[in-house]
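Tertiary structure, described
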Amino acid sequence: MPKNPAIKSVLIIGSGPIIIGQACEFDYSGSQSIRSLKEEGIEVTLINSNPATIMTDPSLADNVYLKPLTTKSIVEILQNHPNIDAVLPTMGGQTALNLCIEAQDKGIWDDFNVALIGVDIDAINITEDREQFRKLMIKIGIGQAPSTTATSFLKGKEIAQEYGFPLVIRPSFTLGGFGASIVYDKKDFDELLSRGLEASPIHEVIIDKALLGWKEYELELLRDRNDNVVIICTIENMDPMGIHTGDSITVAPAMTLSDKTFQRMRDMAIHMMRSIGDFAGGCNVQFAVSPDEKEDIIAIEINPRVSRSSALASKATGYPIAKIATKLAIGYHLDELENQITKTTSALFEPALDYVIVKIPRWNFDKFEGSDRTLGLQMKSVGEVMGIGRSFQEALHKATQSLEIKRNGIGADGKGEKDYNKIIEKLTYPSWDRVFIIYDAIQMGMPLSRIHEITKIDMWFLRQYEELHFLEKEISTYSLQTLPKDLLLEAKQKGYGDRQIAHMIDCYESEVYNKRKELNINRVYKLVDTCAAEFKAQTPYYYSTFENNSIVNGVASAENESVVTDKKKVIVLGSGPNRIGQGIEFDYCCVHGVIAAKEAGYETIMINCNPETVSTDFDTADKLYFEPVFWEHIYDIIQLEKPEGVIVQLGGQTALKLAEKLEKYGVKIIGTSFEALDLAEDRGRFSRLLEELEIPFPQFGTATTADEALAVADELDFPILVRPSYVLGGQGMKIVINKEELENHVVDLLHKIPNNVLLLDHYLDGAIEAESDSICDGEDVYTIGIMEHIEPCGVHSGDSNATLPAFNIGEFVMQQIKDHTVKIAKALKTVGLINIQFAIKDDIVYIIEANPRASRTVPFIAKAYGEPYVNYATKVMLGVNKVKDFTFNPQLKGFAIKQPVFSFNKFPNVDKKLGPEMKSTGESILFIDSLKDDQFYELYSRRKMYLSK
């Protein structure tokens, strides 16, 4: 059956600000969904309050409402657009589903004659209400862990008495495992039960007998109205039950599952999907499997919507789940749709992988001082990376190289844990760095049986680690000159980086690189093609690997599937995994950079390793290399593609940090030069430039030791703001009020970031903070927006409520901001974007810092004013246009306020006060007509409440 002709206009509900447990994977799904509907000629209206995402870009949906996700907003939209026929709520995570159910309960969809598509409300209710779900599973013969529902504290106590410990508490209707916990000991039960009951919006928890040590699997399914079902991907958690899937290291395809058990699991998943409701769309099912020869299967949960894992499964297989799920929601059948990768086969097929993917989460515990860093049922990670390789070991190494936590991969970097007791503790209580700790334990000589006994990680994975350990040991017995070719090739095939091999044989990374070039051990690129190369793929989506390069029948066996054109091309470096301080706004910038470069006639090449984002969608750039944003991988792609240059200023600090290497190796940086980027980052040099320009800045001094810092303090007045160079998101920044605090902080900082130049500023207490974003072509400067922060100076700009335009700055001060912006942008010879932050005290404007790159606030300003600023800036970087070529016409009635959103609820015991180090995970946008608005008044009255040092 083709699409439903009655559906001509659809409302999509987005997921709102990024929070832990619901991140930019829903931005990716939503963006795909919008495009999928537009292809069918359907009008799309979107509601989403997140200004940082591609999803809310005016170029995607026909009507974009940047409004709070409330039923009041829904009613307003439906009144404005009476032609809306249907609502699709499955692309916006739990936030969208909850809002959809609330609107249903209030009768809003019936009032406006709007049909629900892609989901069945009854299905949501069954799957969210754990007791209903459990009863249904028992009825249809699917295994369940022994469990009972409690709606009161007393009932919970009775259940615990019956089951004994350990047990699991899971609140109903929550996301990301919020409020869930494993209780090992009776003494912790009361507190964790109370927390669970409070976390559930209906104050209900289900208490399970803990299945600790069981293996965990996820299946991604799609079903159409004809009841055709396909299993898109099977994902295995390397971690056993007890760790939230969002915090688990996951692998696809499943590695340790017998075919017989997989077939049973597959049949169960299809049976479950059919039993919860008659709907067309995507579904995610999670199972636990006993770790013995019986392989008993128990269903954990089912989500009748696009899930966090759907983005990962889409990137792992090349099958665009959200795009196809949207087509199914409007009536298509799977056999009527084409495979988006091959363009010749149907979508009614199950992807086959001839490679392995490994996903590793990324955490930001350093931002939450005093937080519990052990992992459990409540998700705590803020982002994730994915590595693709021909083996588990290669994919594991590529994923660890993508994390950007100053590790070069698994081991071989001198940073392993050497303390036996710490290793035992981190294995016993799962830690964020366990992916490395397992290797450290093996290196220390701990038997695999002991590691398995503690962690319950399957022996297959542990043997893979052990093989890497044996290989490292063997290579370490050689020198650069004596290292055999087959051993070097094996190390590369197993994912070891040149710098890791250099560490093993005690030489420079460049020497290993040169040696493998001499021996003709070169990276080759393979297509992600959904069908294990059985059909020709049309989509240029690549990963790298190493193959034996012997000649077989006159043909080289190491085949490179990435065909290099002779077009002029440009590489855009992505921003890697999401983290606090560098989030989805840089993905927005990268995608717009790619679009602008295409419009300017360039072939565009994207390099990124984040599976959650639109930049790694297979059809965003002309070519996608799903690779670590890690020097060795980038340089090999540059050598192959020979681009005109590389754009670094759109990918946040990740891309910017590679500018020095690019400069050193003679690769052209498009836009602002490395010299200017470096000058702005080096706090001392930048302050000297400001002196020359006669621009005020707070009194400062630089220090590289605690003694130097104390000497600088003698010349500055306390309070002093301590800032390291070359960091993002205010990492390590702190306001200190005496010498003891100063010494402690400097010692701690230099331990965490060795050899850093610290800048000590006199902190301008009580100053107003403002910032500007501008586009400069080296001659002319256009300031796209000047924002004033509601909070005083001292709260990181990412954690401040920022108002556009400024609301409390006089003309005299505003002119200083404009003059300083022009002077600094020109002095740095900026070509592209520049963000400058100011402190205003006694009508004098001081410079805090300048960043000649895309900033966190550029998407916000672009959405508030309705102008494609990143597009313009990219064309300026490429030299295609000058600033004066553009007609700027910002449109904003009243004020727009960027409101930070925090995920403190994941860390109940953490100090929630704000300071110079950023802690927010996302943001929303609020439009007000005037400063008399109650919401503005409330924000302004609370502006100093959370300020801390």
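Worth saying up front: this structure is predicted, and the values here are computed from it rather than measured. (Residues numbered from 1 in each chain as written. Predicted model: local features only at pLDDT ≥ 70, side-chain atom pairs only at ≥ 80, totals over all residues. Heavy atoms only, no water.)

**Regarding the overall build of the chain**
Let me state the cut-off plainly: For helices the rule is a DSSP run of H or I covering at least 4 residues; for strands it is a run of E covering at least 2, with both sets numbered from the N terminus onward. Using C-alpha atoms as the atom set, the radius of gyration is obtained and then compared with a globule rule of 2.2 Å times the number of residues to the power 0.38. Buried means the residue's accessible area, taken with a 1.4 Å probe over protein chains only, is under 20% of the maximum for its type, while exposed means over 50%, and partly exposed covers the values in between. Residue contacts follow a heavy-atom distance rule, with two residues in contact if any of their heavy atoms lie within 4.5 Å. Computed with the Shrake-Rupley method and a 1.4 Å probe, the accessible areas treat only the protein chains shown as cover for residues. Lys and Arg are tallied as positive, Asp and Glu as negative. Neither His nor the chain termini are counted. Every charge is mapped onto a representative atom, which is NZ of Lys, CZ of Arg, CG of Asp or CD of Glu.
From N to C terminus, the chain includes 31 helices and 35 strands. For 949 residues, the compact-globule formula gives about 30 Å, and the C-alpha radius of gyration of the chain, at 27 Å, lands near that figure. When the backbone C-alpha atoms are referred to their principal axes, the chain occupies close to 75 × 75 × 60 Å. Split into buried and exposed, the 949 residues of the chain put 66% on the buried side. Intrachain contacts of the chain at a sequence separation of at least 6 include 70% that bridge at least 24 residues. Accessible area of the chain: about 34100 Å², with a carbon and sulfur share of 49%. Averaging the positions of the 100 positive and the 135 negative side-chain charges in the chain gives two centres separated by 1 Å.

**Side note on the sheet that holds strand β9 (residues 205-209)**
The following threshold applies: Two strands are said to pair when DSSP picks up at least two bridges between them. To obtain each axis, a line is fitted to C-alpha atoms, and for helices this fit is confined to the stretch in contact; angles are then taken between N-to-C directions over 0 to 180 degrees.
A sheet is described by the order of its strands in space; here four strands give the open sequence β6-β9-β7-β8, paired in antiparallel fashion. Edge positions in the sheet fall to β6 (147-150) and β8 (181-183), since each has one partner strand and no second. Across the sheet, the axes of successive neighbouring strands diverge by a mean angle of 25°, strand direction being ignored. Relative to β8, strand β7 (residues 167-171) is paired through three bridges, and the arrangement is antiparallel. Within the sheet, the bridge partner assigned to Leu 167 lies in β8 and is Val 183.

**A short note on the pattern of salt bridges**
Which entries qualify depends on this criterion: Any carboxyl oxygen of Asp or Glu within 4 Å of a side-chain nitrogen of Lys or Arg constitutes a salt bridge here.
For the coordinates displayed, the defined rule picks out 52 salt bridges. When the shortest N-O distance is used, the salt bridge between Asp 239 and Arg 434 registers 2.6 Å. Taken together, the residues Asp 239 in the loop between β11 (229-237) and β12 (250-252) and Arg 434 in helix α14 (residues 434-443) connect sequence positions 195 residues apart. The pair Asp 239 / Arg 434 is uniform in exposure class, with both members buried. One connected set of salt bridges, linked through shared partners, spans Lys 492, Asp 498, Arg 516, Arg 523, Glu 632 and Asp 636.

**Concerning the packing of aromatic side chains**
Condition: A pair of aromatic rings is counted whenever rings of Phe, Tyr or Trp (Trp by its six-membered ring) have centres within 6.5 Å, and the orientation is called stacked for planes under 30 degrees apart, edge-to-face for over 60 and tilted otherwise. In this scheme, the term charge over a ring applies when either NZ of a lysine or CZ of an arginine sits within 6 Å of the ring centre and within 35 degrees of the ring normal.
Taken as a whole and judged by the stated rule, the model has 26 aromatic pairs. Centre to centre, the rings of Tyr 513 and Tyr 635 are 5.7 Å apart; their planes meet at 55°, and the pair counts as tilted. Of this pair, Tyr 513 sits in helix α19 (residues 509-518) while Tyr 635 sits in helix α21 (residues 631-641), and the two are 122 residues apart along the sequence. There is no split in this pair, since Tyr 513 and Tyr 635 are both buried. Here a set of aromatic residues connected by ring pairs shows up, and it is made of Phe 365, Phe 368, Phe 902, Phe 904 and Phe 907. The ring of Phe 436 has Arg 407 sitting right over it, with the charged end atom 4.3 Å from the ring centre. Its guanidinium or amino end placed over the ring of Phe 630, Arg 499 lies 4.6 Å from that ring's centre, counting from NZ or CZ.

**Looking at the pairing of strand β21 (residues 569-573)**
Rule in force here: By the criterion used throughout, a crossover qualifies as right-handed when its path from the first strand across the helix to the second strand runs clockwise, the strands pointing away from the viewer.
Of all five residues making up β21, five are buried, and the element is well covered by its neighbours. Direction of pairing for β21 relative to strand β22 (residues 603-608): parallel, over a ladder of five bridges. Across the sheet, Ile 571 pairs through a bridge with Ile 605, a residue of β22. At this point the chain moves from β21, through helix α20 (residues 584-599), to the parallel β22, and the crossover so formed is right-handed. Strand direction decides the pairing type here: β21 and strand β24 (residues 645-647), joined by three bridges, are parallel.

**Brief notes about the packing of helix α5 (residues 121-128) against helix α6 (residues 130-139)**
Each pair of packed helices gets described by two things: the angle between the helix axes and the distance between those axes. This is how it is decided: Comment on the angle field: the value is read as roughly parallel under 35 degrees, roughly antiparallel over 145, roughly perpendicular from 65 to 115, and oblique elsewhere. Polarity classes work like this: nonpolar for Ala, Val, Leu, Ile, Met, Phe, Trp, Tyr, Cys and Pro, charged for Asp, Glu, Lys and Arg, and polar for all others, with Gly in that last group.
One can describe the packing of α5 onto α6 by two numbers: an axis separation of 5 Å at closest approach and a directional angle of 95°. By the angle between their directions, the pair α5 and α6 is classed as roughly perpendicular. Here Asn 125, Ile 126, Thr 127 and Glu 128 of α5 lie close against α6, whose contacting residues are Arg 130, Gln 132, Phe 133 and Leu 136. Each residue belonging to the contact of α5 with α6 can be placed in one class, and the counts come to three nonpolar, three polar and two charged.

**Describing unusual backbone geometry**
With an omega of 0°, the peptide bond running from Phe 165 to Pro 166 counts as cis. Note that Pro 166 resides in the loop between α7 (153-163) and β7. Cis geometry marks the peptide bond from Phe 718 to Pro 719, where omega comes out at 0°. A positive phi angle, close to 55°, is found at Asn 113, a residue other than glycine. Note that Asn 113 resides in the loop between α4 (108-111) and β5 (115-116). Not every positive phi belongs to a glycine, and Glu 694 is a case in point at roughly 55°. Examined against the element boundaries, Glu 694 turns out to sit in the loop between α25 (683-693) and β25 (700-703).

**A look at the environment of Ala 347**
In this structure, Ala 347 sits in the loop between α11 (321-329) and β15 (356-362). When its relative accessible area of 0% is taken as the criterion, Ala 347 is described as buried. Residues Ala 347 and Asp 57, spaced 290 residues apart in sequence, show a C-alpha to C-alpha distance of 28 Å.

**Examining a negative patch on the surface**
What counts, and what does not: In this scheme, patches are assembled from residues that exceed 30% relative accessible area and form no salt bridge. Like charges are connected within 9 Å, while nonpolar side chains (Val, Leu, Ile, Met, Phe, Trp, Tyr) are connected within 5 Å.
A cluster of like negative charges, contributed by Asp 707, Glu 708, Glu 740 and Glu 743, occupies part of the molecular surface. Only α26 (706-715) and α27 (739-752) provide two or more residues apiece to the negative patch. Tracing the backbone shows Glu 740 in helix α27.

**Here we look at empty space enclosed by the protein**
We count it as follows: Two kinds of site are reported from a 1 Å grid over the protein atoms alone, namely cavities, where a 1.4 Å probe fits but cannot get out, and pockets, open sets with protein on both sides within 12 Å along at least five of seven lines, and residues are called lining when an atom falls within 4 Å of a point. Grid points are joined across faces, edges and corners, and a volume is the space filled by probe spheres set on the points.
Per the counting criterion, the structure on display carries 13 cavities of 30 Å³ or more. Taken as a whole, the largest cavity spans an internal volume of roughly 490 Å³. In terms of lining residues, the largest cavity is bounded by 32 residues, among which Arg 130, Gly 177, His 244, Gln 286 and Glu 301 are the most central. In terms of residues, the lining of the largest cavity owes the most to one element, strand β14 (residues 297-303), which gives four residues. Per-class residue counts for the lining of the largest cavity are ten nonpolar, 14 polar and eight charged. Approximately 420 Å³ is the volume found for the second largest cavity. For the lining of the second largest cavity, the secondary-structure elements that each account for two or more residues are α24 (674-681), β26 (720-724), β29 (768-777), β32 (831-841) and β33 (844-851). At four residues, β33 tops the list of elements feeding residues into the lining of the second largest cavity.

**Notes on the sheet that holds strand β2 (residues 43-47)**
The five strands lie next to each other as β3-β2-β1-β4-β5, forming an open sheet whose pairing is parallel. Strands at the two margins of the open sheet, each flanked by one partner only, are β3 (63-65) and β5. Pairing geometry for strand β1 (residues 9-13) and β2, over five bridges, is parallel. From the neighbouring strand, Ile 13 faces β2, where its bridge partner is Ile 47.

**Overview of the nonpolar core**
Filter applied, for reference: Grouping buried Ala, Val, Leu, Ile, Met, Phe, Trp, Tyr and Cys residues that are joined through side-chain atoms within 4.5 Å yields what is termed a nonpolar core.
Counting residues in hydrophobic clusters, the biggest one holds 173 residues, and the most contacted among them are Tyr 319, Leu 573, Val 648, Ile 775 and Tyr 869. Per-element tally for this core: the top contributor is α14, with seven residues. One finds Ile 126, Ile 231, Ile 270 and Val 289 within the second-largest nonpolar core, a separate group that totals 28 residues.

**Some words on helix α16 (residues 459-475)**
Applicable threshold: A helix's residues, less one, multiplied by 1.5 Å, set its expected span. Nitrogen and oxygen atoms within 3.5 Å of one another constitute a polar contact, given that in protein one can donate a hydrogen and the other can accept it, and given that sequence-neighbouring residues count only through two side-chain atoms.
An ideal rise of 1.5 Å per residue puts 24 Å on 17 residues; α16 measures up with 24 Å between its terminal C-alpha atoms. All buried positions along α16 are accounted for by Phe 461, Leu 462, Gln 464, Tyr 465, Leu 468, His 469, Leu 471, Glu 472 and Ile 475. With a side-chain oxygen lying 2.8 Å from the backbone nitrogen of Trp 460, the N-terminal cap of α16 falls on Asp 458.

**Considering the packing of helix α13 (residues 420-428) against helix α15 (residues 448-455)**
Viewed as axis vectors pointing N to C, α13 and α15 meet at an angle of 45°, and their least axial separation amounts to 8 Å. One element, α13, and the other, α15, form an angle in the oblique class. Counting all contacts with α13, which are made through Ile 424, Leu 427 and Thr 428, the residues of α15 involved are Arg 450, Ile 451, Ile 454 and Thr 455. In terms of residue class, the contact of α13 with α15 is built from four nonpolar, two polar and one charged.

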